[in-house]
Amino acid sequence: MNISITKATELKKKPTREEEGSLGFGKRFSDHMFMMNYDNGEWHDARIVPYQKLSFDPSCAVFHYAQEIFEGLKAYRADDDRILMFRARDNAERLNNSAVRLCMPTIDIEDNYEAMRQLVQVERDWVPHSAGTSLYLRPTMIATDEALGVHASKSYLYYIICSPSGAYYKAGLAPIRIRVEDRYVRAVRGGTGFAKTGGNYACSILAGAEAEKEGYSQVLWLDGEHMKYVQEVGAMNMMFLIDGKLVTAPLEDTILPGITRRSVMTLAREMGIEVEERPLSVEELIEAGDSGKLTEAFGTGTAAVVSPVGELAYRDKHIYLGDKSVNNGIGELTMKLYNTLTGLQWGRIPDTHGWVTDIDKK
Ligand code: PLP
Ligand code: COI
């Protein structure tokens, strides 16, 4: 794929080292973006252009029927200034799986990888330097037909934007409070739960807003059929250390197959921890909490990395995890996995899995 590059004539002010400490997540955007269009059955005009506002007809398909998919991945600055990406081809592959479900065109994985790689090369000075910061990439595909009929669009726009980011949660690496949601559901069997599509997030906002009012960071979804089995939270897969085994919900079509989830499962197994992908009911979880068998819980996600959970609430029941006087309440395994994963991502630990790619090497 040939990618044309048009550089911005005026560059934005990049965050200073001091500002890097308070970047938060997804609030600032870099100088350039990648775009390409799909018409008549093919992708064309792959280009890196100045970051810009997009203009569409009010009838544009994506505005009405949410034919939209996206991805999330990061570029990291190593101590020696190499810029690394983590499992970027896995994101390209998952985008295609989402595309098939949403009746959208797929993109050749190597072409998509090349788009991300070249964009990050152009934006390398936007990859922040401070510990825990990175350049978050948001690949996005939208349906662009101008028509109100409910059909698959024939035209699409694919774009990638970059956002220098720090911690996803306000408090940084600190235990979060999660509430088990027992009224609303996020996904049902046969639906779009496994796809990374805007609708899954739109339908989760009300539950998240209600939980936030009560001081929780996110809700833990239960399965839509029985309201019984633990699924995932808004932006993370969930793992529970029960009786020394790491338990996580199996990948059915209601759960996003997280790349961090997959990586953490591999790393935990390499640490000698047994990992179980199995249905976990909320009753079992609460019982394990009561009996002390549940010793750690954490979420996994690109934005959230490995996020310790300090409190799980289900109806009027509260399970507290971690001892605040020890490592800020972050469990031993959670911390070890966080350190190993981030060590690999920032190039401090040699990559034996083939997960890390250097943007300056083809
Ligand atoms: N589950 C949901 C709903 C998400 O939005 C995310 C974030 O991408 C994840 C899980 C974690 O996926 P990954 O580790 O690939 O970022
Ligand atoms: C990510 O971790 O990349 C995500 O997409 C989470 C996002 C919904 C905030």
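Scroll up a little and you will see the structure.
Residues numbered from 1 in each chain as written. Chains lettered and ligands numbered in written order. Predicted model: local features only at pLDDT ≥ 70, side-chain atom pairs only at ≥ 80, totals over all residues. Heavy atoms only, no water.

Caption draft 1: Focus on the pattern of salt bridges. Under the defined criterion, the tally for this structure stands at 21 salt bridges. Residue arginine 315 is joined to aspartate 182 by a salt bridge in which the shortest nitrogen-to-oxygen separation is 2.7 Å. Pair noted here: arginine 315 is in the loop between strand S16 (305-314) and strand S17 (317-320) and aspartate 182 is in the loop between strand S9 (176-180) and helix H5 (198-202), with a separation of 133 residues, a long-range link. For arginine 186, the salt bridge goes to glutamate 232, with nearest N and O atoms at 2.9 Å. Taken together, the residues span a long stretch of sequence, with arginine 186 in the loop between S9 and H5 and glutamate 232 in strand S11 (residues 230-233) at a distance of 46 residues. Note on arginine 186: relative accessible area 9%, which makes it buried. Judged by relative accessible area, glutamate 232 falls into the buried class, the value being 4%. Through salt bridges with shared partners, one network takes in Lys245, Glu276, Arg278 and Glu284. (Salt bridge = Lys/Arg side-chain N within 4 Å of Asp/Glu carboxyl O. Helix = DSSP H or I, 4+ residues; strand = E, 2+ residues; numbered from the N terminus. Buried < 20%, exposed > 50% of the residue type's maximum accessible area, 1.4 Å probe, protein only.)

Caption draft 2: Region of interest: the site of ligand 1. In the vicinity of ligand 1, 17 residues are found, and the nearest of them are Arg94, Tyr201, Glu232, Thr260 and Thr302. At 2.7 Å, a side-chain N or O of arginine 94 approaches an oxygen atom of ligand 1. At 2.7 Å, a backbone N or O of isoleucine 259 approaches an oxygen atom of ligand 1. Out of a free accessible area of 390 Å², ligand 1 has 96% covered by protein chains. Taking a 2 Å distance to the grid points as the criterion, the majority of the atoms of ligand 1 fall inside the second largest pocket. (Near = heavy atom within 4 Å. Polar contact = N/O pair within 3.5 Å; in protein donor to acceptor, adjacent residues only side chain to side chain. Areas by Shrake-Rupley, 256 points an atom, 1.4 Å probe, with all protein chains shown as cover. 1 Å grid on protein atoms, 1.4 Å probe; cavity = no way out; pocket = protein on both sides within 12 Å on 5 of 7 lines; lining within 4 Å. Sits in = over half its atoms within 2 Å of the grid points.)

Caption draft 3: Here's a closer look at the packing of aromatic side chains. Scanning the entire structure with this criterion turns up 11 aromatic pairs. Between phenylalanine 25 and tyrosine 168, the ring centres sit 4.9 Å apart and the planes meet at 75°, which makes this aromatic pair edge-to-face. Taken together, the residues phenylalanine 25 in the loop between helix H1 (17-20) and strand S2 (32-39) and tyrosine 168 in the loop between strand S8 (156-165) and S9 connect sequence positions 143 residues apart. Among the aromatic residues, those joined into a ring-pair cluster are Phe34, Tyr38, Trp43, Tyr156 and Tyr158. Over the ring of tyrosine 51 we find lysine 12; its NZ or CZ atom is 4.3 Å from the centre of that ring. (Phe/Tyr/Trp six-rings, centres within 6.5 Å; stacked < 30°, edge-to-face > 60°. Lys NZ or Arg CZ within 6 Å of the ring centre and 35° of its normal.)

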